[in-house]
Protein chains: 2
Amino acid sequence: MTVYFDAASTAPLHPVARQALTAALDEGWADPARLYRSGRQARMLLDAARETVAAVLGARADEISFTASGTQSVQLGLLGALAGNRRRGGHFVHSAVEHSSVLHVGERHEAGGGEVSVAPVDRGGRADPEAFAALLRPDTALAALQSANHEVGTVQPVDEVAARCAEAGVPLLVDAAQSAGRTDVPAGWSLLTASAHKWGGPAGVGVLAVRKGVRYASPLPADEREGGRVPGYVNVPAIVAAAASLRAVRAEAERENARLHALVERIRTRVPQLVPEVEVVGDPVRRLPHIVTFSCLYVDGEVLLTELDRAGFAVSSGSSCTSSTLTPSHVLAAMGVLTEGNVRVSLPYGTAEADVERFLAVLPGLVAGVRAPLGLDLPAPEAPAGELLLVVDALGKRCPLPVIELAKRIGEVPPGGTVAVLSDDEAARLDIPAWCGMRGQEYVGEAPATEYGGDRGSAYLVLRRS
Amino acid sequence: MTVYFDAASTAPLHPVARQALTAALDEGWADPARLYRSGRQARMLLDAARETVAAVLGARADEISFTASGTQSVQLGLLGALAGNRRRGGHFVHSAVEHSSVLHVGERHEAGGGEVSVAPVDRGGRADPEAFAALLRPDTALAALQSANHEVGTVQPVDEVAARCAEAGVPLLVDAAQSAGRTDVPAGWSLLTASAHKWGGPAGVGVLAVRKGVRYASPLPADEREGGRVPGYVNVPAIVAAAASLRAVRAEAERENARLHALVERIRTRVPQLVPEVEVVGDPVRRLPHIVTFSCLYVDGEVLLTELDRAGFAVSSGSSCTSSTLTPSHVLAAMGVLTEGNVRVSLPYGTAEADVERFLAVLPGLVAGVRAPLGLDLPAPEAPAGELLLVVDALGKRCPLPVIELAKRIGEVPPGGTVAVLSDDEAARLDIPAWCGMRGQEYVGEAPATEYGGDRGSAYLVLRRS
């Protein structure tokens, strides 16, 4: 069974979304523009879904239009706002690490005679509000800044940039694809975009919110659907499912964000201790709870992804939202960090701690295997002496299982790192120190298991010497 | 339970589509651009769906792109072909009865400096190939003709127009939204568009086919998805369901088309016999099997739709694809026929004959009720003397039920029309002639029920005298 660590590409369908989709295929299948009973019913479901999405995103219902994807939302939002604010001028500002859909619109805009300024980011991938604001001009028609980066998880200073845009009278589009549902969207946007399949909704639903009073001119021939902003038949069942899952995910967010934040923190800490010549990228503090990206020197990213897939882990690689060909990531390039051997781990809600531990257990060997043909002599990473690097949960297991677990897994930590074995088996108290003596490891001592996440028993601490 | 007669707006989800959707939510939920197992699996399902759709539509798989709706297909197809053939010129030709999405693109094209010529249609809504061809010029970049009309069901002369376009070197876009799946798409198109929810697939899937060698330039900033023609995340589960239902519908088409064609013929014949001052519009011969439209003088279409809804029938009205506000239909206007009191009946696959009979039974009273406040004295429609207008199926029912059924329903036919009562109850042979004598109707005679669609028993023919 493959462990899915690519939630930033698409989240598994939330069970609530599936239930809502099934129900809405029965109740909301008709054309919501029709006057008969089933049409009116579809319309009511659509209206209710719009209210739900508006409430979660901090918008009014009549500000929300549904599109077919996050990319369509971004394209319609940017092109519509650029057209609507043409009187101000043809200047467009966006950060260097926006989603490729934003960059592509910028390229089109330039090709059509417009002007584009790209705001730089720091080594953590974060835009500097001052630098961003310095690019705003009297002829700037639109600015765009993501809520958080899709490749490295860095949260952007949307509040500050929105304030500076407001001062300059420039509308700001906030692409919230990676954060919507998981974290609150900062107020201050003029246009907001999001994508349901990133929050556990079905594919085929994007959100485009346009604040009342923001100038907008449809870039496509419009019809009467979705406030004249999104032409074409409205996909009511999928929208109902998207709204239901957004509410469900929002309700789980506080608990799951804290949990995933800790798991990502563990990956951020442990990968450099386990793998030589690796760089964890992205802002270490101002980051999304569920995304972590690292790059491995001397490694072909595609080969490493294939090895991880064989080992049962579905992860993605840099520039992953634009490419099946693994061209170098414009995000990593703009940050000035290593782009090779890039792995993005993004945890879906419900990710099991054990799966993260197993990932950390197999990663060093896989990277070493990919590097082996190169014949490099890489220094082992230096673990801070005695730092706790691994918790082996053997609670409920009887002798000799706790010792077997320890023997199997101690290789996952480098020499100098510490393992805590949680056990409520009395024999462990004797066997673990004995095993340490036999195998040349250092037995450090015993502590209550509760200090290491257990609910009973003791933690036996072993420092790996060899 | 409402009877749904609005398949031309959206067809009920085909059971095969629902099954395929459920399966594909399990098997094809991942991003098909990804390299890991679940991504590759989604890609394989997407490829298979593309092959299926291509085979049914008479295209190569690499000519097919999936969009989010029929309207998006039309917009991308028209704008992309106009942009790709800009070197020829800025002239665009389409028929007067195209879907509103085509008209809207034409308006945009004109507003942007292009030129549009509109090919006229006859009173049946059919374009004249000669008149169409006469509009083609050396600077014509694109022509568009629907396969069949969405409001009146008239089948267009695509073969002839395609031949004339080919002679002139003008690419032709064929909007096959109303016919795809039900009838073969005529060859000769350069671009082809369709919409899955019209053939029983889910909402959220359109098809855009572009023949190899046809010049096309994406009107939107492109990404790598769908051959560079449709930006944004690909909705694999819905596409899988769309393809599965297309194949299923195609397999049922021969049988269902013949059946629905006969039911529509019955409506075309009977409505003018049952309702005074009514006009059935659209080509009576070159028509889709499942669509019939009629207009009732002195009637507000919206009021009639509401009455039909109350009586348990979901039908639509003119200009139904553009409007929830029932503005006059550009299709009916171009045909030069009555636009008021317009009702479009479009039968989904599986429509029961009994439901059509019930519709014909309630319609006259509803129209009369809507007209009553006007105090008009309308002449009763003239029924051809003795024409069979109603078959009452009382097979398996015992005395006195056959006579009760006859008494209940004879009012549905106007004086001078004939009713056939199918019965295998011996008492009917005596009772029906007796009832005729008592009630002043004319008993015409007896014939085998099989001549009137029964499988046993006799048909007792009664001519309504009063």
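Residues numbered from 1 in each chain as written. Chains lettered and ligands numbered in written order. Predicted model: local features only at pLDDT ≥ 70, side-chain atom pairs only at ≥ 80, totals over all residues.

Strand pairing in a sheet relies on backbone hydrogen bonds. The paired strands run either parallel or antiparallel. All names here are of chain A. Strand order across the open sheet formed by four strands is E13-E14-E16-E15, with mixed pairing between neighbours. The sheet terminates laterally at strand E13 (388-393) and strand E15 (442-448), the two strands that pair on one side only. Between one strand axis and the next, the sheet turns through 20° on average, direction left out of account. Alignment of strand E14 (residues 418-423) against strand E16 (residues 458-463), held across six bridges, turns out to be antiparallel. Following the sheet pairing, alanine 420 is matched in E16 by leucine 461. Its contacts with the sheet put helix H11 (residues 401-409) on E13, E14 and E16, and the angle it makes with E14 is roughly 155°. (Pairing = 2+ DSSP bridges. Helix = DSSP H or I, 4+ residues; strand = E, 2+ residues; numbered from the N terminus. Axes fitted to C-alpha atoms, helices over the stretch in contact; angles between N-to-C directions. Contact = placed C-beta atoms within 7 Å.)

Right, let's get into the packing of helix H8 (residues 301-310) of chain B against helix H10 (residues 353-371) of chain B. In a pair of packed helices, the angle between the axes and the distance between the axes together describe the arrangement. Residues and elements named next belong to chain B. Where H8 meets H10, the axes come as close as 10 Å, and the angle between the chain directions of the two elements is 135°. In terms of orientation, H8 and H10 fall into the oblique class. The handedness of the crossing between H8 and H10 comes out as right-handed. On the side of H8, the interface is formed by Val303, Leu304, Glu307 and Leu308, while H10 contributes Leu366, Val367, Gly369 and Val370. Taken together, the residues that form the contact of H8 with H10 break down as six nonpolar, one polar and one charged. (Parallel < 35°, antiparallel > 145°, perpendicular 65-115°, else oblique. Left-handed = near helix turned anticlockwise from the far one by under 90°. Nonpolar A, V, L, I, M, F, W, Y, C, P; charged D, E, K, R; others polar.)

The next thing to look at is the relation of the copies chain A and chain B. For the pair chain A and chain B, the superposition axis carries a translation of 0.1 Å, the fit reaches an RMSD of 0.2 Å, and the rotation angle comes to 180°. The superposition of one copy onto the other is thereby described by a two-fold rotation axis. When you check the interface residues of chain A against chain B, 98% turn up at the interface there too, and the contact is symmetric in its surfaces. (Least-squares fit on C-alpha atoms with pLDDT ≥ 70 in both.)

What follows is about the environment of glutamate 254 of chain A. Residue and element names in this part refer to chain A. Here glutamate 254 lies in helix H7 (residues 236-274). Judged by the 10 C-beta atoms lying within 10 Å of it, glutamate 254 falls in the exposed class. Counting along the chain gives 163 residues from glutamate 254 to glycine 417, while the straight-line C-alpha distance between them is 32 Å. (Buried ≥ 20, exposed ≤ 12 C-beta atoms within 10 Å, placed from the backbone.)

This part covers the interface of chain A and chain B. Between chain A and chain B, the contact holds 54 residues from the first and 54 residues from the second. For the side of chain A that touches chain B, the secondary-structure elements that each account for two or more residues are helix H1 (15-27), helix H2 (37-57), helix H3 (70-84), helix H4 (100-111), H7 and helix H8 (301-310) of chain A. At six residues, the largest contribution of residues to the side of chain A that touches chain B is made by H4 of chain A. A class-by-class count of the residues in the side of chain A that touches chain B yields 21 nonpolar, 22 polar and eleven charged.

What follows deals with the domain arrangement of chain A. When its domains are assigned, chain A resolves into domain 1 (10-249) and domain 2 (382-466). Each of domain 1 of chain A and domain 2 of chain A has a C-alpha centre, and these two points are 50 Å apart. (Domains from an automatic or database assignment.)

Residues and elements named next belong to chain B. Taken across its six residues, strand E10 (residues 291-296) has six buried, putting it largely inside the fold. The alternating pattern of E10 places Ile291, Thr293 and Ser295 and Val292, Phe294 and Cys296 on opposite faces, both of which are buried. Summarising the sheet, strand E9 (residues 278-281) and E10 pair through four bridges and their orientation is antiparallel. The partner of valine 278 across the bridge, within E10, is cysteine 296. Relative to strand E12 (residues 342-346), E10 is paired through five bridges, and the arrangement is antiparallel. By the bridge assignment, isoleucine 291 is partnered in E12 with serine 346.

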